[in-house]
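# Examination of the molecular architecture
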Amino acid sequence: MSVAVTVESIQKSFANFAALRGVSLDVQPGELVALLGPSGSGKTTLLRLVAGLEQADGGRVLFDETDTRQLSLRDRRIGFVFQHYALFKHMNVAANIAFGLKARPRLERPGNAEIDKRVSDLMELVQLKGLERRFPVQLSGGQRQRVALARALAIEPRVLLLDEPFGALDAKVRKDLRGWLRDLHRRTGHTTLFVTHDQEEALELADRVAILNEGRLEQVGSPDDVYDHPATPFVCEFLGEANKLPVKVVGSQAFFGDRPVLGGLQQNQGGPASLYVRPQHLRIVDDAPLSLPGVVEDIRRNGALRRAEVAVQGLAKRLDVDLASQVAPALGERIRLRITHGSLFAAA
Amino acid sequence: MTLALPAASRSSSWRQPSILPGFGLSLGITISALSLIVLIPLAALFLKAASAGPADIWAIVTSSRTQAALRLSFGAAAFSAIVNAIFGLIIAWVLVRYRFPGRRLLDAAVDLPFALPTAVAGISLAAIYAPNGWIGSLLAPLSFKFTIPLIDLSIGFDGKVAYTPLGVMVALIFIGLPFVVRTVQPVLEEAEVETEEAAALLGASRLRTIFRVILPGIVPALLTGFVLAFARAVGEYGSVIFIAGNVPMVSEIAPLLIVIKLEGFDYAGASVVAMIMLIVSFTLILAINAIQAWSRGRLGHG
Ligand SMILES: Nc1ncnc2c1ncn2[C@@H]1O[C@H](COP(=O)(O)OP(=O)(O)O)[C@@H](O)[C@H]1O
Ligand SMILES: [Mg+2]
């Protein structure tokens, strides 16, 4: 049922503005890939190109072995969920969901009883039982989103494309729907491309994450992969907070000033570099050969964690340090920090 | 949609409590203005008509000349409003959806029938559609006649537009067009292109998308435009009389009949015809508004 989607060096410009500059991406059958990037990076454009709603200036999109340019919109069998739902306002929920089935050519169209049954099954799947006769205006945002999803699933799509499906919802609802969608995907197994600008959402939901920036793919990989081993400074900063240290690589060690702060490097290239360290990868240690001395200047609460801001000599910006299960230092205390994990990028 | 009010508040007050003060004041102003401008003149009209006495009223109502004039006025108005609904919709669609050189010019031109003095419009149309006019002379050779044998109904076009009921319709279409375009245009502008894309991806044909997705969304606006064009057409006088030819029983519109009666000092007769027009118009408009309210309610704007 589900197909593999292959995007081959797609280019797309609007007037003089290059929205996509050569994007290639493989999605395996049944895989859930998140397309993550800041606003304006070209996520929606890429999704619309895969759907066939835009024509590429260069490159092509394959479903399995078939070039999609040979397929009409109907034959692509794509379930598309628009960011703003795009429900049919004058139709009730049941009619919205049945639309794709009723639009089939006469020979392929299921009977009315069959359509009713399918609609009822889908209503159950998206947990909207009992709301069949409501009109879209009478639903909450999360309910509308689920109607849009049910409507897309009704045609038994070969590919599911979701454009910021939770973008317009509040934080609590987003979290609930996230788990629910993950679950739904496990059960239905559609090849899914999922657009979001929320890195937490992408990392939690996706089998793989593709990070888009200014029309180019920066990195594609599993959530662990992209989070722990970002390929570019952009990916590192976009996926989560990071402290940035200017360092110099000599041999297998990185030096901050004349102090070695990270060892065991397999970097071939020496010279100036930027070291990115996430707040949870800084540990307070008593004494260690590779450590960074600093003074605790502030302690704040950040959700479940507490966070210390540590001033380091020679660094304009204070370091953010997560105090998970670590003993909290006192304000003004002199401490030493060890870097447990960092990403090194040669300075541009 | 109806709002279910708690029983207590429903019994204590017939209007919903509002955070906006001034309901009484604004309703008062509304009713006073409406009375001065609309209701009092209409009441005077009814009084004048009633002064004719039942027998006379009946005679005027049933006179074949009155009936022919009313039939022409309402028939031509309905026909022209339908034509306007169709063409106005297409024009609005083109203006909203396509970008082409001269679009703004076309957009502005739509309003011309509003701005032009109706007499000017009437005289121009009459000149163009007269048998020796630009368009009239082109149409003249196109006459045809077709008779359906058994029921003896003949359909025909004798090549003439000006000075026939067809001429009346041409004038009414001209003056009614802006109403439909200007009511439908903003709704089309607001309509999401994405719903059409959704329909296409769900496998709907272009026709299905138009009739099941696009049109239902603009029906309320289209109905409003239709009503406005119809109402304007029923009451139109200036632009019609020049092109109509005003042959009694054939191309004489009801407003003209009223003027003729007035010029013959038959005030009661004039007001009776006016009253009939008023009643028929009001009933029709009320009915269409009811349909509209119903379809709006379904769209959730109610
Ligand atoms: N139809 C269009 N016409 C002109 N520019 C467009 C159009 N669609 C998108 N763009 C531009 O392309 C860039 C990428 O847009 P989009 O794919 O919507 O980004 P994202 O979904 O990642 O926020 C943006 O700078 C946007 O302004
Ligand atoms: Mg977008």
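Residues numbered from 1 in each chain as written. Chains lettered and ligands numbered in written order. Predicted model: local features only at pLDDT ≥ 70, side-chain atom pairs only at ≥ 80, totals over all residues. Heavy atoms only, no water.

If you check an unreviewed UniProt entry, chain B appears there as Sulfate transport system permease protein CysT from Bosea caraganae. What UniProt records for chain B under Subcellular location (unreviewed entry) is the sentence "Cell membrane". Regarding chain B, the relevant UniProt record gives this comment under Sequence similarities (unreviewed entry): "Belongs to the binding-protein-dependent transport system permease family. CysTW subfamily." (UniProt positions renumbered as here; feature names shortened; annotations may be inferred.)

An unreviewed UniProt entry lists chain A under the name Sulfate ABC transporter ATP-binding protein, with Bosea caraganae as the source organism. According to the UniProt record, the Sequence similarities (unreviewed entry) comment for chain A reads "Belongs to the ABC transporter superfamily."

## Some remarks on the sheet that holds strand β5 (residues 66-67) of chain A
Strand pairing in a sheet takes place through backbone hydrogen bonds and is either antiparallel or parallel in direction. Residues and elements named next belong to chain A. One open sheet accounts for 4 strands, arranged β2-β1-β4-β5; its pairing is antiparallel. Since the sheet does not close on itself, it has two edges, and those belong to β2 (17-27) and β5, each with one partner. Note that strand β1 (residues 5-14) and β2 share 8 bridges and pair antiparallel. Its bridge partner being in β2, F14 is matched across the sheet by F17. Relative to β1, helix α1 (residues 43-51) is tilted by about 120°, and along the sheet it contacts β1, β2 and β4 (58-63). (Pairing = 2+ DSSP bridges. Helix = DSSP H or I, 4+ residues; strand = E, 2+ residues; numbered from the N terminus. Contact = heavy atoms within 4.5 Å. Axes fitted to C-alpha atoms, helices over the stretch in contact; angles between N-to-C directions.)

## Quick look at the site of ligand 1
Residue and element names in this part refer to chain A. Near ligand 1 you find F14, F17, A19, P38, S39, G40, S41, G42, K43, T44 and T45, and these make up its full shell. Within the backbone of G40, a nitrogen or oxygen atom sits 2.7 Å from an oxygen atom of ligand 1. Within the side chain of K43, a nitrogen or oxygen atom sits 2.9 Å from an oxygen atom of ligand 1. Burial of ligand 1 by the protein amounts to 60% of the accessible area it has alone, namely 550 Å². Secondary structure elements with two or more residues in the shell around ligand 1: β2 and α1. Of all the elements, α1 adds the most residues to the shell around ligand 1, at 3 residues. (Near = heavy atom within 4 Å. Polar contact = N/O pair within 3.5 Å; in protein donor to acceptor, adjacent residues only side chain to side chain. Areas by Shrake-Rupley, 256 points an atom, 1.4 Å probe, with all protein chains shown as cover.)

## Let's talk about the packing of helix α4 (residues 64-97) of chain B against helix α11 (residues 206-235) of chain B
All names here are of chain B. With their axes 8 Å apart at the nearest point, α4 and α11 run at an angle of 135° to one another. With respect to α11, the axis of α4 lies oblique. Considering only the axes of α4 and α11, their crossing is right-handed. Where α4 approaches α11, its residues F74, A77, A78, S80, A81, I82, N84, A85, L89 and W93 are matched on the opposing element by R206, I214, L215, I218, L222, F226, A229, F230, A233 and V234. (Parallel < 35°, antiparallel > 145°, perpendicular 65-115°, else oblique. Left-handed = near helix turned anticlockwise from the far one by under 90°.)

## Describing the interface of chain A and chain B
A common way to report how large an interface is uses the accessible area buried once the components associate. With 25 residues of chain A in contact, the opposing surface of chain B contributes 21 residues. In this assembly, chain A packs against chain B so that about 2100 Å² is buried in total across both faces, 64% of it on carbon and sulfur atoms. When the buried surface of chain A facing chain B is broken down by residue, F82, H90 and F99 of chain A rank first, second and third, together holding 26% of it. One can count 2 salt bridges joining chain A with chain B. The salt bridge involving E197 of chain B is made with R48 of chain A; its shortest N-O contact spans 2.8 Å. Those elements giving two or more residues to the side of chain A that touches chain B turn out to be α1, α2 (73-76), β6 (78-81), α3 (93-102) and α5 (141-154) of chain A. Here the side of chain A that touches chain B takes 3 residues from α3 of chain A, the largest share from any one element. Residue composition of the side of chain A that touches chain B, by class: 16 nonpolar, 4 polar and 5 charged. (Buried area = accessible area lost by both parts, 1.4 Å probe. Salt bridge = Lys/Arg side-chain N within 4 Å of Asp/Glu carboxyl O. Nonpolar A, V, L, I, M, F, W, Y, C, P; charged D, E, K, R; others polar.)

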